[in-house]
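# Coordinate analysis (summary)
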Amino acid sequence: MNQIKRAGAGLLVLALCLSLVTPQSAAAKKKKVALNKKKITLTVGKKTTLKLKNNKKKIKWSSTKKKVATVSKKGVVKAKRKGTAKIVAKVGKKKYVCKVTVKAKKASTGKQPATTKKPGTGTSTDKVTGTPGKNIALTGDVFQIGTYKLALGLTTSQVNTILGTLSTDVKRTEKSPQGFDVIAFRPNGKKTSASRSDQYSTYILVYLKSGKVVGICGISRTMSYGSLIKAGTPSTQLAANTSTWQRFNWYDTDDGKAAAYGAATTNARVAAFVDVNGDGSTYCIQAFSADYTPDDMTNLASGSLSYSYPSAVLTAMKTECAELINAYLVFYGTRPLIVNDDLAKTAQAYCGEMLQNNITDASNESRDSDVIKAALKKQGVVPSRYWKERAYVGYMDSIGFANAMIKSVVNNVSMHDLLRNANFNLMGFGSAAYQDGSYYYPYMVVEFIDFISAM
């Protein structure tokens, strides 16, 4: 009898064990669906693949910020430029999210030259004025702009000697959003004339790091970079030469036209900006050291180049953007525009409004024509026939803003047509910056009108 009881007890224990084990085994078979990574950090240009584990259904991949990181249909994530983004894998109504942090490529660093003041002051103690137009022995490809010959690797003193300064020239030392020292130069920039066109016939921006030239940008009818590219080169020629030139997709228009092309040499990366809505010719050339990626030259610096966003940088961006637009107009035989303070106040007010409303993507940001006109009137500015407003967020320097504005289309009308055919004569800029984590993103708003009755 005791043996029967013990056997019964054994069977009872076994039954209890089976009742516990069986459901767990079934649950174990139904594994949890999840991304293989919830957080990733990439350097610009790098890739990684995300996978949705234990999923057999169709996945729809997307990125919250395509300018920062993109994702393919197979879950391949590519880092585009500094910032943060979220990669979303959607299955039915369920979403799985991975946070992506994109960092810039490390650039060569060095001690700040003793002759340069604290970063962000926009001034320099280098007193070398040089001899205007004096040649210095150059190595590597020559960037010729007007009568001036420059090259990557020059020192600050050598640049000052080559450019020189006359009482008729405009020459400033500034700071870029990426932390580079900048020399902005317009020969004859102070020279008065009826058309003022000679004030913008040659425009030069030189970028320096640790006292050495790492980038050069220019607009001039007589301009070339080595034998690679020259002013007026048609975009069709660049597009056909795919072994050398590749389109910069982040400068494409909304309808897919390429507004900029890039090429790489042994020592440099070169960008050619084309008049995409006009005759398609090259009007702006930029060359920078191969040590820097395009994103290093256009995105706000982080890491070793990081600093808080000083107002002097925003002021410099507004000034340079206006100069680039005027140099573009003169390049194509159109008279330059006057920068107006009241228009600038209107633009600045809208920058503040965007900042207050936390607008972080102004790619399609616009106000109704009546709203713009009312904002202009509030500052005492009354347009006669034409008035336009362009707003941008995320282009990280004056070149990006100016060229983005030139290639843009407003209500199916290109800014190329409006600038060169609508008889605008005044413009004004506003700027601000918002912070996203450790990064700063600038706003830029520009107003254009053709006539003012009160200022």
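Going by the structure above, here's the rest.
Attention here is on the structure that accompanies the text. These figures come from a predicted structure and were not determined experimentally. (Residues numbered from 1 in each chain as written. Predicted model: local features only at pLDDT ≥ 70, side-chain atom pairs only at ≥ 80, totals over all residues. Heavy atoms only, no water.)

## Focus: a positive patch on the surface
Judged by side-chain charge, Lys58, Lys60, Lys73, Lys90 and Lys95 come together as a positively charged surface patch. Following the sequence through the fold, Lys60 ends up in strand β5 (residues 60-63). (Patch = residues over 30% accessible without salt bridge, like charges linked within 9 Å, V, L, I, M, F, W, Y side chains within 5 Å. Areas by Shrake-Rupley, 256 points an atom, 1.4 Å probe, with all protein chains shown as cover. Salt bridge = Lys/Arg side-chain N within 4 Å of Asp/Glu carboxyl O. Lys, Arg positive; Asp, Glu negative; His and termini not counted. Charge placed at Lys NZ, Arg CZ, Asp CG, Glu CD. Helix = DSSP H or I, 4+ residues; strand = E, 2+ residues; numbered from the N terminus.)

## Topic: the side chain of Thr233
You can see Thr233 is positioned in the loop between β17 (229-230) and α3 (235-240). When sequence neighbours within four positions are dropped, the list of residues in contact with Thr233 reads Leu238, Gly280, Ser281 and Thr282. (Contact = heavy atoms within 4.5 Å.)

## Side note on helix α6 (residues 341-356)
Taking 1.5 Å per residue as the helical rise, α6 with its 16 residues ought to reach 22 Å, and the 22 Å between its terminal C-alpha atoms agrees with that figure. For α6, the set of buried residues is Asp342, Leu343, Ala344, Thr346, Ala347, Tyr350, Cys351 and Met354. For α6, the capping residue at the N-terminal end is Asn340, with a side-chain oxygen 3.0 Å from the backbone nitrogen of Asp342. Looking one or two residues beyond α6, the residue adopting positive phi is Asn358, at roughly 55 degrees. (Expected span 1.5 Å × (residues − 1). Buried < 20%, exposed > 50% of the residue type's maximum accessible area, 1.4 Å probe, protein only. Polar contact = N/O pair within 3.5 Å; in protein donor to acceptor, adjacent residues only side chain to side chain.)

## Here we look at the sheet that holds strand β19 (residues 260-264)
In spatial order, the strands read β12-β13-β14-β15-β21-β20-β19-β18; together these 8 strands make up an open sheet with antiparallel pairing. In this open sheet, the two edge strands, each paired with only one partner strand, are β12 (170-175) and β18 (246-247). Here strand β13 (residues 181-186) pairs with strand β14 (residues 202-209) via 5 bridges, running antiparallel. Across the sheet, residue Asp181 finds its bridge partner in β14, namely Leu208. (Pairing = 2+ DSSP bridges.)

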